[in-house]
Amino acid sequence: MKKHTSAMNTLVRITHWCLQCDSHHPKHQVSGAPALPGGEVDELICPTCNSYDIEELQEVSDAQ
Ligand SMILES: [Zn+2]
């Protein structure tokens, strides 16, 4: 997995990954889309490329 170190990832927990542009974002940056009327689907949109292909990262405890 490529790792981009340009962002200060230590400030926020990165929980989502864009499959389109291979960037990582905290949840509040990908959940900015308004909910559709009549639908309860929480649309996730990449703030970088506006793609819907957002994958939620699983919490892993590999620090052992
Ligand atoms: Zn993207």
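Preceding this paragraph is the structure being described.
None of these values were measured; they are calculated from a predicted model. (Residues numbered from 1 in each chain as written. Predicted model: local features only at pLDDT ≥ 70, side-chain atom pairs only at ≥ 80, totals over all residues.)

Draft legend 1. Up close: the sheet that holds strand β3 (residues 54-56). If you walk across this open sheet you meet the three strands as β2-β1-β3, and the pairing is antiparallel. The sheet is open, and its two borders are formed by β2 (24-25) and β3, each paired with just one other strand. As paired strands, strand β1 (residues 16-18) and β3 are joined by three bridges and run antiparallel to one another. Residue pairing for β3: Trp17 is matched across the bridge by Glu55. (Pairing = 2+ DSSP bridges. Helix = DSSP H or I, 4+ residues; strand = E, 2+ residues; numbered from the N terminus.)

Draft legend 2. Main features of the environment of His28. Inspection of the secondary structure puts His28 in helix α1 (residues 27-30). Given 11 C-beta atoms within 10 Å, His28 falls into the exposed group. Placed 16 residues apart in sequence, His28 and Val12 show a C-alpha to C-alpha distance of 9.9 Å. (Buried ≥ 20, exposed ≤ 12 C-beta atoms within 10 Å, placed from the backbone.)

Draft legend 3. Just the environment of Leu19, in detail. Along the chain, Leu19 turns up in the loop between β1 and β2. Expressed as a C-alpha distance, the spacing of Leu19 and Cys46, which sit 27 residues apart in the sequence, is 9.2 Å. Once you skip the residues sitting within four places of it in the chain, Leu19 turns out to touch Asp53 and Glu55. (Contact = placed C-beta atoms within 7 Å.)

Draft legend 4. Region of interest: unusual backbone geometry. Although it is not a glycine, Asp22 adopts a positive phi angle of roughly 55°. Summarising the element assignment, Asp22 is placed in the loop between β1 and β2. Not every positive phi belongs to a glycine, and Asn50 is a case in point at roughly 60°. Mapped onto the fold, Asn50 is located in the loop between α1 and β3. Assessed through the 11 C-beta atoms surrounding it within 10 Å, Asn50 is described here as exposed.

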